[in-house]
Amino acid sequence: MAGNTYGQLFRITTFGESHGRAIGLILDGCPAGLQIDEAFVQEELARRRPGQSKIVTQRKEADKVEFLSGVFEGATTGTPISMVIYNADARSKDYSHIANKFRPSHADFTYHAKWGRRDYRGGGRSSARETAARVAGGAIAKLLLQQYGIDIKAYVTQVGHLKLDKSYQELNLQLTESNPVRCPDPEMAGQMEAYIKEVRKAGDTVGGVVSAVITGCPPGLGEPAFDKLHADLAKAMLSINACKGFEYGSGFDGVSMRGSEHNDVFRTEGDRIVTDTNHSGGVQGGISNGMDIYFRLAFKPVATIVPAQDSVNEAGEKVTVEGKGRHDPCVVPRAVPIVEAMAALTLADHLLRQRTARV
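Keep in mind that this is a model prediction, so the values were computed, not measured. All chains use their own residue numbering, which begins from 1 and follows the written sequence. Whole-chain, interface and lining totals are the exception, using all residues; otherwise, since this is a predicted model, local features are given only for residues with pLDDT of at least 70 and side-chain atom pairs are given and counted only at 80 or more. Excluded from the side-chain calculation are hydrogens and water; included are all heavy atoms of the structure.

Draft legend 1. Broad picture of the overall build of the protein chain. Within the protein chain one finds seven helices and 18 strands. Each radius of gyration reported is based on C-alpha atoms, and the globular scaling rule is 2.2 Å times the count of residues to the power 0.38. Relative to its length of 359 residues, the protein chain is compact, with a C-alpha radius of gyration of 21 Å against a globular reference of 21 Å. Principal-axis analysis of the C-alpha atoms places the extent of the protein chain at approximately 65 × 50 × 35 Å. Taken over 359 residues, the protein chain has a buried fraction of 51%. Contact between two residues is taken to exist if any of their heavy atoms lie within 4.5 Å; hydrogens are not considered. In the protein chain, once contacts between residues fewer than 6 apart in sequence are set aside, the share between residues at least 24 apart is 71%. In these tables, accessible area is a Shrake-Rupley quantity obtained with a 1.4 Å probe, and a residue counts as shielded only by the protein chains included in the view. Summing over all exposed atoms, the protein chain offers an accessible surface of approximately 16900 Å²; the carbon and sulfur share of this is 51%. A run of H or I in DSSP becomes a helix once it reaches four residues, and a run of E becomes a strand once it reaches two; helices and strands are each numbered from the N terminus. Here's how the labels work: a residue is buried when its accessible area is under 20% of the maximum for its type, exposed when over 50%, partly exposed in between, all with a 1.4 Å probe on protein chains only.

Draft legend 2. View of the nonpolar core. Phe-10, Ile-140, Val-159, Met-237, Phe-295, Phe-299 and Val-339 are the most contacted members of the largest nonpolar core, which has 85 residues in total. Setting aside chain neighbours within four positions, we find Met-237 in contact with Cys-243, Phe-246, Phe-295, Leu-297, Val-339, Met-342 and Ala-343. Only buried Ala, Val, Leu, Ile, Met, Phe, Trp, Tyr and Cys residues count toward a nonpolar core, and they belong to the same one when joined by side-chain atoms within 4.5 Å.

Draft legend 3. Just the packing of helix α3 (residues 131–146) against helix α7 (residues 332–354), in detail. The axes used here are C-alpha line fits, helices contributing only the stretch in contact, and every angle between their N-to-C directions lies in the interval 0 to 180 degrees. Taken N-terminus to C-terminus, the directions of α3 and α7 make an angle of 50°; their axes are 7 Å apart at the nearest point. When the axes of α3 and α7 are compared, the pair comes out oblique. At the point where α3 passes α7, the crossing takes the left-handed sense. Here Thr-131, Arg-134, Val-135, Gly-137, Gly-138, Ala-141, Lys-142, Leu-144 and Leu-145 of α3 lie close against α7, whose contacting residues are Pro-337, Ile-338, Glu-340, Ala-341, Met-342, Ala-344, Leu-345, Leu-347, Ala-348 and Leu-351. When its residues are assigned to classes, the contact of α3 with α7 shows 13 nonpolar, three polar and three charged. Small angles under 35 degrees read as roughly parallel and large ones over 145 as roughly antiparallel, with 65 to 115 read as roughly perpendicular and the rest as oblique. In this scheme, a crossing is called left-handed if the near helix is turned counterclockwise away from the far one by less than a right angle; it is called right-handed if the turn is clockwise. Each residue gets one of three labels, nonpolar for Ala, Val, Leu, Ile, Met, Phe, Trp, Tyr, Cys and Pro, charged for Asp, Glu, Lys and Arg, and polar for the others, Gly among them.

Draft legend 4. Focus on empty space enclosed by the protein. Buriedness of a pocket was judged along seven lines, with at least five required to meet protein on both sides within 12 Å; pockets are open sets of points on a 1 Å grid over the protein atoms alone, cavities are sets where a 1.4 Å probe fits but cannot get out, and lining residues have an atom within 4 Å of a point. Grid points are joined across faces, edges and corners, and a volume is the space filled by probe spheres set on the points. In total, this model carries two cavities of 30 Å³ or more according to the counting rule given. As a volume, the largest cavity reaches approximately 80 Å³. Forming the boundary of the largest cavity are 15 residues, of which Arg-103, Thr-304, Val-321, Glu-322 and Gly-323 lie nearest the centre. The residue inventory of the lining of the largest cavity, partitioned by class, reads six nonpolar, six polar and three charged.

Draft legend 5. Examining α7 more closely. Its 23 residues place the ends of α7 32 Å apart at the C-alpha level, agreeing with the 33 Å of an ideal helix rising 1.5 Å per residue. Counting buried positions along α7 yields 22 of 23 residues, so the element is predominantly enclosed. Expected helix span is computed as 1.5 Å times (number of residues minus one).

Draft legend 6. Here's a closer look at the sheet that holds strand β4 (residues 65–69). Here, a strand pair is defined by DSSP locating no fewer than two bridges between the strands. Overall, antiparallel pairing links the five strands, which are arranged β1-β2-β3-β7-β4 in an open sheet. With partners counted over all chains shown, the strands left at the sheet margins are β1 (5–6) and β4, one partner each. Where β1 and strand β2 (residues 11–16) come together, two bridges link them in antiparallel fashion. Within β2, the position partnered with Tyr-6 by the bridge is Ile-12. Here α3 sits on the sheet and contacts β2, β3 (22–28), β4 and β7 (81–86); the angle it forms with β3, its principal contact strand, is near 30°.

Draft legend 7. Structural context of the layout of surface pockets. Of the voids in this model, the second largest pocket is the one considered here, and its volume is about 560 Å³. Lining the second largest pocket are 25 residues, and of these Lys-166, Ser-167, Asp-253, Tyr-294 and Arg-296 sit closest to its centre. Looking at the lining of the second largest pocket, its residues break down into nine nonpolar, nine polar and seven charged.

Draft legend 8. Here's a closer look at the side chain of Asp-63. Note that Asp-63 resides in the loop between α1 (38–48) and β4. Side-chain polar atoms of Asp-63 contact the side chain of Arg-129, separated by 2.8 Å. Excluding anything up to four places from it in sequence, Asp-63 contacts Gln-42, Leu-45, Arg-48, Arg-49, Pro-50, Ile-85, Arg-129 and Ala-132. Polar contacts, as used here, are pairs of N or O atoms within 3.5 Å; protein pairs need one atom able to donate a hydrogen and one able to accept it. Residues neighboring in sequence count only if both atoms are side-chain atoms.

Right, dumping it as C-alpha coordinates:
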(Lines give C-alpha, C1' and ligand atoms only; values in the text may rest on other atoms or scores of the structure.)
Protein backbone atom coordinates (compact mmCIF):
# COMPACT_ATOMS: atom_id res chain seq x y z
CA MET A 1 0.00 0.00 0.00
CA ALA A 2 1.43 3.34 -1.08
CA GLY A 3 0.24 6.80 -0.19
CA ASN A 4 0.81 6.71 3.57
CA THR A 5 3.13 9.73 3.63
CA TYR A 6 2.24 13.42 3.47
CA GLY A 7 4.60 16.39 3.13
CA GLN A 8 8.03 17.01 1.64
CA LEU A 9 10.33 18.51 4.28
CA PHE A 10 8.01 18.18 7.28
CA ARG A 11 6.84 14.67 6.49
CA ILE A 12 4.42 12.34 8.28
CA THR A 13 3.93 8.62 7.65
CA THR A 14 1.12 6.85 9.51
CA PHE A 15 0.60 3.13 10.13
CA GLY A 16 -1.89 0.78 11.73
CA GLU A 17 -5.49 -0.38 11.48
CA SER A 18 -8.66 0.18 13.47
CA HIS A 19 -8.56 -3.21 15.18
CA GLY A 20 -4.84 -3.91 15.01
CA ARG A 21 -2.55 -3.74 18.03
CA ALA A 22 -1.79 -0.05 17.56
CA ILE A 23 -1.73 2.93 15.26
CA GLY A 24 1.15 5.36 15.01
CA LEU A 25 3.33 7.61 12.95
CA ILE A 26 6.84 8.60 12.01
CA LEU A 27 7.41 12.34 11.68
CA ASP A 28 10.56 13.22 9.76
CA GLY A 29 12.04 16.64 9.08
CA CYS A 30 11.10 18.35 12.32
CA PRO A 31 13.93 20.78 13.22
CA ALA A 32 16.01 20.08 16.30
CA GLY A 33 15.45 22.12 19.43
CA LEU A 34 11.66 22.39 19.31
CA GLN A 35 10.30 22.15 22.84
CA ILE A 36 7.72 19.36 22.99
CA ASP A 37 4.79 19.82 25.34
CA GLU A 38 3.56 16.24 25.69
CA ALA A 39 0.52 17.41 27.66
CA PHE A 40 -0.51 19.59 24.71
CA VAL A 41 -0.15 16.64 22.31
CA GLN A 42 -2.35 14.56 24.62
CA GLU A 43 -4.94 17.35 24.84
CA GLU A 44 -5.17 17.47 21.05
CA LEU A 45 -5.76 13.71 20.95
CA ALA A 46 -8.43 14.02 23.64
CA ARG A 47 -10.34 16.39 21.35
CA ARG A 48 -10.50 13.68 18.67
CA ARG A 49 -10.86 10.54 20.77
CA PRO A 50 -14.04 8.44 20.65
CA GLY A 51 -16.48 8.24 23.56
CA GLN A 52 -16.11 11.89 24.58
CA SER A 53 -19.85 12.70 24.42
CA LYS A 54 -23.24 11.18 23.67
CA ILE A 55 -23.21 12.36 20.04
CA VAL A 56 -20.11 10.41 18.96
CA THR A 57 -19.11 6.76 18.78
CA GLN A 58 -19.02 5.11 22.19
CA ARG A 59 -15.82 3.17 21.55
CA LYS A 60 -13.70 3.79 24.64
CA GLU A 61 -10.12 4.68 23.79
CA ALA A 62 -7.87 6.81 26.01
CA ASP A 63 -5.62 7.44 22.98
CA LYS A 64 -2.57 7.72 25.22
CA VAL A 65 0.37 8.54 22.99
CA GLU A 66 3.85 7.14 23.61
CA PHE A 67 6.96 8.79 22.16
CA LEU A 68 9.47 6.18 20.99
CA SER A 69 12.16 8.37 19.42
CA GLY A 70 13.17 11.82 18.29
CA VAL A 71 12.62 13.64 21.60
CA PHE A 72 15.25 13.92 24.33
CA GLU A 73 15.08 16.00 27.50
CA GLY A 74 11.86 17.61 26.31
CA ALA A 75 13.06 18.79 22.89
CA THR A 76 13.33 17.39 19.37
CA THR A 77 16.72 16.03 18.35
CA GLY A 78 16.27 16.41 14.59
CA THR A 79 15.96 12.65 14.13
CA PRO A 80 12.67 10.96 13.14
CA ILE A 81 9.98 11.27 15.79
CA SER A 82 8.03 8.05 16.24
CA MET A 83 4.82 7.87 18.24
CA VAL A 84 2.44 5.00 18.99
CA ILE A 85 -1.13 4.81 20.28
CA TYR A 86 -2.26 1.35 21.39
CA ASN A 87 -5.82 0.20 20.65
CA ALA A 88 -7.65 -0.90 23.78
CA ASP A 89 -11.38 -1.26 23.00
CA ALA A 90 -11.68 -2.96 19.63
CA ARG A 91 -14.61 -5.37 19.32
CA SER A 92 -13.82 -7.32 16.20
CA LYS A 93 -16.78 -9.68 16.64
CA ASP A 94 -19.07 -6.76 15.79
CA TYR A 95 -17.84 -7.04 12.20
CA SER A 96 -17.90 -10.79 11.62
CA HIS A 97 -21.26 -10.47 9.85
CA ILE A 98 -19.67 -8.45 7.02
CA ALA A 99 -16.51 -10.55 6.63
CA ASN A 100 -17.36 -11.22 2.96
CA LYS A 101 -20.01 -8.53 2.38
CA PHE A 102 -19.61 -5.06 0.92
CA ARG A 103 -21.21 -2.31 3.01
CA PRO A 104 -22.84 0.44 0.88
CA SER A 105 -20.65 3.56 0.50
CA HIS A 106 -17.80 2.02 2.52
CA ALA A 107 -14.31 1.16 1.26
CA ASP A 108 -14.99 -2.60 1.50
CA PHE A 109 -15.49 -3.16 -2.23
CA THR A 110 -12.75 -0.82 -3.44
CA TYR A 111 -10.16 -2.26 -1.03
CA HIS A 112 -11.09 -5.77 -2.19
CA ALA A 113 -10.94 -4.71 -5.84
CA LYS A 114 -7.47 -3.19 -5.36
CA TRP A 115 -5.73 -5.81 -3.18
CA GLY A 116 -7.92 -8.91 -3.41
CA ARG A 117 -8.17 -9.03 0.37
CA ARG A 118 -9.04 -6.67 3.22
CA ASP A 119 -9.18 -6.32 6.98
CA TYR A 120 -12.93 -6.09 7.55
CA ARG A 121 -12.61 -5.41 11.30
CA GLY A 122 -13.80 -1.86 11.74
CA GLY A 123 -12.76 -1.06 8.20
CA GLY A 124 -9.08 -1.78 8.87
CA ARG A 125 -6.86 0.88 7.33
CA SER A 126 -9.85 2.74 5.86
CA SER A 127 -11.19 3.52 9.34
CA ALA A 128 -11.06 7.07 10.70
CA ARG A 129 -9.18 5.52 13.62
CA GLU A 130 -6.05 6.23 11.54
CA THR A 131 -6.62 9.97 11.96
CA ALA A 132 -5.52 9.82 15.60
CA ALA A 133 -1.97 9.50 14.27
CA ARG A 134 -2.49 12.59 12.13
CA VAL A 135 -3.68 14.58 15.14
CA ALA A 136 -0.59 13.54 17.11
CA GLY A 137 1.67 14.64 14.26
CA GLY A 138 -0.38 17.79 13.76
CA ALA A 139 0.14 18.70 17.40
CA ILE A 140 3.91 18.76 16.82
CA ALA A 141 3.32 20.91 13.73
CA LYS A 142 1.20 23.29 15.82
CA LEU A 143 4.03 23.65 18.35
CA LEU A 144 6.36 24.60 15.49
CA LEU A 145 3.87 27.08 14.01
CA GLN A 146 3.38 28.72 17.41
CA GLN A 147 7.03 29.82 17.22
CA TYR A 148 6.05 31.92 14.18
CA GLY A 149 2.73 33.26 15.49
CA ILE A 150 0.61 31.08 13.19
CA ASP A 151 -2.71 29.92 14.66
CA ILE A 152 -5.33 27.53 13.26
CA LYS A 153 -8.95 27.36 14.37
CA ALA A 154 -11.59 25.00 12.99
CA TYR A 155 -15.23 24.80 14.03
CA VAL A 156 -18.60 23.36 12.96
CA THR A 157 -20.89 25.60 10.89
CA GLN A 158 -23.46 23.12 9.58
CA VAL A 159 -25.12 19.85 10.58
CA GLY A 160 -27.64 18.61 8.06
CA HIS A 161 -30.03 21.46 7.28
CA LEU A 162 -28.93 23.50 10.31
CA LYS A 163 -26.51 26.15 9.05
CA LEU A 164 -24.62 28.91 10.87
CA ASP A 165 -24.58 31.85 8.46
CA LYS A 166 -21.87 33.92 10.14
CA SER A 167 -18.30 34.61 9.10
CA TYR A 168 -15.45 33.79 11.45
CA GLN A 169 -15.04 37.52 12.17
CA GLU A 170 -18.53 37.58 13.68
CA LEU A 171 -17.91 34.61 15.98
CA ASN A 172 -16.09 34.10 19.26
CA LEU A 173 -14.02 31.07 18.32
CA GLN A 174 -13.00 30.66 21.97
CA LEU A 175 -16.48 29.14 22.45
CA THR A 176 -15.83 26.29 20.01
CA GLU A 177 -14.79 23.84 22.73
CA SER A 178 -17.63 24.85 25.06
CA ASN A 179 -20.06 22.29 23.61
CA PRO A 180 -19.83 18.74 22.18
CA VAL A 181 -20.76 19.85 18.65
CA ARG A 182 -17.84 22.34 18.51
CA CYS A 183 -20.00 25.12 17.12
CA PRO A 184 -19.00 28.56 18.48
CA ASP A 185 -22.59 29.81 18.48
CA PRO A 186 -24.25 28.43 21.67
CA GLU A 187 -27.83 28.66 20.39
CA MET A 188 -27.06 26.92 17.10
CA ALA A 189 -24.88 24.37 18.91
CA GLY A 190 -27.87 23.37 21.04
CA GLN A 191 -30.03 22.87 17.97
CA MET A 192 -27.31 20.85 16.23
CA GLU A 193 -26.78 18.61 19.27
CA ALA A 194 -30.51 17.89 19.56
CA TYR A 195 -30.71 17.09 15.84
CA ILE A 196 -27.74 14.69 15.97
CA LYS A 197 -29.37 12.87 18.90
CA GLU A 198 -32.62 12.65 16.92
CA VAL A 199 -30.82 11.21 13.90
CA ARG A 200 -28.92 8.75 16.05
CA LYS A 201 -32.12 7.55 17.73
CA ALA A 202 -33.51 6.79 14.27
CA GLY A 203 -30.46 4.64 13.53
CA ASP A 204 -29.38 7.04 10.81
CA THR A 205 -26.53 9.49 10.22
CA VAL A 206 -26.11 13.07 8.98
CA GLY A 207 -23.36 15.14 7.35
CA GLY A 208 -22.08 18.62 8.03
CA VAL A 209 -19.60 21.39 7.34
CA VAL A 210 -16.39 22.33 9.15
CA SER A 211 -14.99 25.83 8.62
CA ALA A 212 -11.44 26.89 9.46
CA VAL A 213 -9.28 30.01 9.59
CA ILE A 214 -5.49 30.35 9.71
CA THR A 215 -4.22 33.62 11.17
CA GLY A 216 -0.68 34.96 11.39
CA CYS A 217 0.52 33.21 8.25
CA PRO A 218 3.31 35.28 6.64
CA PRO A 219 3.29 36.07 2.92
CA GLY A 220 5.36 33.81 0.70
CA LEU A 221 4.31 30.26 1.63
CA GLY A 222 3.39 27.96 -1.24
CA GLU A 223 4.82 26.98 -4.62
CA PRO A 224 3.50 28.48 -7.87
CA ALA A 225 2.72 25.40 -9.97
CA PHE A 226 1.64 22.00 -8.68
CA ASP A 227 2.25 22.67 -4.97
CA LYS A 228 0.12 25.76 -4.59
CA LEU A 229 -0.67 26.35 -0.93
CA HIS A 230 -4.41 26.05 -1.43
CA ALA A 231 -3.92 22.93 -3.58
CA ASP A 232 -1.91 21.24 -0.82
CA LEU A 233 -4.50 22.29 1.74
CA ALA A 234 -7.19 20.78 -0.49
CA LYS A 235 -5.28 17.51 -0.77
CA ALA A 236 -4.75 17.42 2.98
CA MET A 237 -8.42 18.03 3.71
CA LEU A 238 -9.81 15.69 1.06
CA SER A 239 -7.61 12.92 2.49
CA ILE A 240 -9.69 13.04 5.69
CA ASN A 241 -12.31 10.29 5.91
CA ALA A 242 -15.80 11.34 4.74
CA CYS A 243 -14.64 14.70 3.36
CA LYS A 244 -16.44 15.33 0.07
CA GLY A 245 -15.72 18.98 -0.69
CA PHE A 246 -13.24 21.83 -0.17
CA GLU A 247 -13.49 25.53 -0.96
CA TYR A 248 -11.39 28.47 0.16
CA GLY A 249 -11.84 32.21 0.03
CA SER A 250 -14.94 33.25 -1.90
CA GLY A 251 -15.19 29.68 -3.20
CA PHE A 252 -18.22 28.87 -5.36
CA ASP A 253 -19.99 32.06 -4.33
CA GLY A 254 -17.29 34.06 -6.13
CA VAL A 255 -18.58 33.00 -9.54
CA SER A 256 -21.54 35.39 -9.20
CA MET A 257 -19.26 38.41 -8.68
CA ARG A 258 -17.59 40.62 -11.26
CA GLY A 259 -13.84 41.14 -11.23
CA SER A 260 -14.35 44.71 -10.09
CA GLU A 261 -16.13 43.36 -7.03
CA HIS A 262 -13.92 40.34 -6.41
CA ASN A 263 -10.46 41.91 -6.69
CA ASP A 264 -8.71 42.48 -3.35
CA VAL A 265 -7.26 46.00 -3.46
CA PHE A 266 -3.85 46.47 -1.83
CA ARG A 267 -2.95 49.14 0.69
CA THR A 268 -0.31 49.67 3.36
CA GLU A 269 -0.99 49.30 7.06
CA GLY A 270 2.05 50.34 9.05
CA ASP A 271 4.92 48.29 7.68
CA ARG A 272 2.60 45.66 6.14
CA ILE A 273 0.94 45.37 2.75
CA VAL A 274 -2.65 44.23 3.24
CA THR A 275 -5.87 44.05 1.21
CA ASP A 276 -9.17 45.86 1.79
CA THR A 277 -11.14 42.67 1.17
CA ASN A 278 -10.08 39.03 1.29
CA HIS A 279 -12.02 37.19 -1.39
CA SER A 280 -8.72 35.44 -2.23
CA GLY A 281 -8.79 33.66 1.12
CA GLY A 282 -5.22 34.63 1.92
CA VAL A 283 -3.73 32.90 -1.14
CA GLN A 284 -2.89 34.45 -4.52
CA GLY A 285 -1.00 32.65 -7.27
CA GLY A 286 -0.80 29.65 -4.96
CA ILE A 287 1.23 31.64 -2.41
CA SER A 288 0.08 33.13 0.89
CA ASN A 289 -0.28 36.92 0.88
CA GLY A 290 -0.31 37.46 4.65
CA MET A 291 -4.07 37.77 5.03
CA ASP A 292 -6.22 35.25 6.87
CA ILE A 293 -6.57 31.90 5.11
CA TYR A 294 -10.09 30.56 5.46
CA PHE A 295 -11.82 27.51 4.00
CA ARG A 296 -14.80 25.18 4.34
CA LEU A 297 -15.10 21.40 4.17
CA ALA A 298 -18.16 19.26 3.44
CA PHE A 299 -18.45 15.91 5.23
CA LYS A 300 -20.88 13.25 4.08
CA PRO A 301 -23.19 11.27 6.40
CA VAL A 302 -21.44 8.27 7.96
CA ALA A 303 -22.03 5.23 5.75
CA THR A 304 -22.92 2.81 8.57
CA ILE A 305 -26.62 2.98 9.44
CA VAL A 306 -28.79 0.63 11.50
CA PRO A 307 -31.56 -0.14 8.95
CA ALA A 308 -30.87 -3.11 6.68
CA GLN A 309 -29.56 -2.33 3.18
CA ASP A 310 -29.26 -4.43 0.06
CA SER A 311 -25.75 -5.20 -1.18
CA VAL A 312 -23.63 -8.01 -2.60
CA ASN A 313 -20.89 -10.25 -1.23
CA GLU A 314 -17.48 -11.10 -2.65
CA ALA A 315 -19.07 -13.71 -4.90
CA GLY A 316 -21.44 -11.11 -6.35
CA GLU A 317 -24.47 -12.65 -4.64
CA LYS A 318 -27.23 -10.43 -3.31
CA VAL A 319 -27.13 -10.04 0.47
CA THR A 320 -28.50 -7.83 3.22
CA VAL A 321 -26.22 -5.71 5.39
CA GLU A 322 -27.17 -4.39 8.81
CA GLY A 323 -25.22 -1.75 10.68
CA LYS A 324 -23.58 -3.01 13.85
CA GLY A 325 -20.69 -1.83 15.98
CA ARG A 326 -20.08 1.68 17.32
CA HIS A 327 -20.13 4.60 14.92
CA ASP A 328 -20.50 8.37 14.85
CA PRO A 329 -23.97 9.61 13.88
CA CYS A 330 -22.19 12.74 12.58
CA VAL A 331 -18.45 13.07 12.02
CA VAL A 332 -18.03 16.84 12.11
CA PRO A 333 -17.58 17.34 15.89
CA ARG A 334 -14.57 14.98 15.93
CA ALA A 335 -13.37 16.18 12.52
CA VAL A 336 -12.51 19.63 13.90
CA PRO A 337 -9.14 18.66 15.48
CA ILE A 338 -8.32 16.53 12.42
CA VAL A 339 -8.87 19.50 10.12
CA GLU A 340 -6.61 21.63 12.32
CA ALA A 341 -3.94 18.90 12.35
CA MET A 342 -3.86 18.53 8.57
CA ALA A 343 -3.73 22.31 8.11
CA ALA A 344 -0.85 22.49 10.62
CA LEU A 345 1.09 19.74 8.82
CA THR A 346 0.62 21.56 5.50
CA LEU A 347 1.70 24.95 6.88
CA ALA A 348 4.70 23.49 8.73
CA ASP A 349 5.91 21.81 5.55
CA HIS A 350 5.57 24.98 3.47
CA LEU A 351 7.15 27.07 6.21
CA LEU A 352 10.29 24.93 6.10
CA ARG A 353 10.25 24.89 2.30
CA GLN A 354 10.08 28.67 2.21
CA ARG A 355 13.28 28.86 4.29
CA THR A 356 15.08 27.21 1.36
CA ALA A 357 13.62 29.56 -1.29
CA ARG A 358 16.34 32.23 -1.17
CA VAL A 359 19.63 33.05 0.48
